[in-house]
Amino acid sequence: MVVDSQFPDQSKHLIDELKKRSEKLFKLLINTHHHSDHSSGNISFKGIVEHVPAHENSKKNQENAAKQNKSEDKQLYPDQTYTNTWCQKAGKERICLYYYGAAHTNGDSFIHFEHANIVHCGDLLFNRRHPYVDRGAGANIKSWMEVLNKALNKFDEETIYVFGHAGNGYKITGTSDDLHKFRDYLGNVLKFTETEIKAGKTKEEFLKATAVPGSDEWKGDGIQRPLGAAWEELTGK
Ligand SMILES: [Zn+2]
Ligand SMILES: [Zn+2]
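This one's a predicted model, so the numbers in the text were calculated from it and none came from an experiment.

### Details of the coordination of the zinc ion (ligand 2)
Those protein atoms acting as donors to the zinc ion (ligand 2) are Asp37 (OD), His38 (NE2), Asp123 (OD) and His165 (NE2), and they sit at 2.0 to 2.3 Å. Coordination at the zinc ion (ligand 2) comes from four donor atoms whose angles at the metal span 90 to 156°, giving a geometry best classed as irregular. Counting residues between consecutive donors of the zinc ion (ligand 2) along the chain gives the motif D-H-x84-D-x41-H. If you look at the zinc ion (ligand 2) and the zinc ion (ligand 1), they sit 3.5 Å from each other and are both ligated by Asp123. Note that Asp37 is positioned in helix H2 (residues 36-39) and Asp123 in the loop between strand E9 (118-120) and strand E10 (126-127), a separation of 86 residues in sequence.

Shown next, in the form of structure tokens:
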């Protein structure tokens, strides 16, 4: 089983390495969402994976992006989609995908390996790194906070979480504490944006900000991505 496929070169490399350990076909290639750093390597699994599950909107977004980029011949699309929950047994493990609403896109899944109690968050969690907020694919910061709350209710204190991205020097795995911190960061982004709108700032002035008050662990480049998205979400433009 594989979660996300990065780009074609990386997925080919992964497949070659795994083939050294077993000649068995891949049972599942699960996509957390459609972005090309998570699904454009799907094509390397063509003919050697049994099924590719993903949220229904992830499949739609992948199709739309491929059409726009004229790369439809380089895609392997999900062949099993779901709306709220998808579960399947695999050996001693049971894997469940959960969709809790719009967040980083409108098609992000949490992938729970129940016996191992490991949850792959895809890009639902950027660990101490400013996130991409794909409003063109239905992202919503306020809803993202609720999505994280639902995950915190569903999974437990023992759960190990895998993150889509992390800032320099930060880990790509963690605990519920990291979900709390990221949810609070998103709240601070919205609060800061609202304050600056009320203070009469222009969007251009606002996007020059270099920090989100209250979340100083989030440093480095890319701050304009969440700030721009929050501005559009709150002003409608
Ligand atoms: Zn993404
Ligand atoms: Zn990503």
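### Quick notes on the packing of helix H4 (residues 141-154) against helix H5 (residues 176-198)
It is at 9 Å that the axes of H4 and H5 come closest, and there the two elements cross at 160°. Between H4 and H5, the crossing angle belongs to the class labelled roughly antiparallel. Regarding H4 and H5, the two cross each other, and that crossing is left-handed. On the side of H4, the interface is formed by Ile141, Lys142, Trp144, Met145, Leu148, Asn149, Ala151 and Leu152, while H5 contributes Ser176, Leu179, His180, Phe182, Arg183, Leu186, Gly187 and Leu190. Partitioning the contact of H4 with H5 into residue classes produces ten nonpolar, four polar and two charged.

### Considerations on the nonpolar core
Among the nonpolar cores identified, the biggest contains 37 residues, and Phe110, Cys121, Trp144, Leu179, Phe182 and Leu227 are the most heavily contacted of them. Residue assignment for this core shows that the elements contributing at least two residues are strand E7 (93-98), H4, H5 and helix H7 (224-235). Of all the elements, H5 adds the most residues to this core, at seven residues. Look past the residues within four positions of Leu227 in its chain and what remains in contact with it is Val189, Phe192, Thr193, Phe206, Leu207, Ala209 and Val212. Judged by nonpolar contacts, the second largest core, of eleven residues, contains Val3, Leu97, Ile111 and Phe113.

Cut-offs and rules
- Residues numbered from 1 in each chain as written.
- Chains lettered and ligands numbered in written order.
- Predicted model: local features only at pLDDT ≥ 70, side-chain atom pairs only at ≥ 80, totals over all residues.
- Heavy atoms only, no water.
- Donors = N, O, S within 2.8 Å, 3.2 Å for Na, K, Ca; no water.
- Tetrahedral: all angles 85-135°; square planar, octahedral: opposite > 155°, others 65-115°.
- Helix = DSSP H or I, 4+ residues; strand = E, 2+ residues; numbered from the N terminus.
- Axes fitted to C-alpha atoms, helices over the stretch in contact; angles between N-to-C directions.
- Parallel < 35°, antiparallel > 145°, perpendicular 65-115°, else oblique.
- Left-handed = near helix turned anticlockwise from the far one by under 90°.
- Contact = heavy atoms within 4.5 Å.
- Nonpolar A, V, L, I, M, F, W, Y, C, P; charged D, E, K, R; others polar.
- Core = buried A, V, L, I, M, F, W, Y, C linked by side-chain atoms within 4.5 Å.
- Buried < 20%, exposed > 50% of the residue type's maximum accessible area, 1.4 Å probe, protein only.

Function cannot be inferred from these measures alone, as they are strictly geometric.
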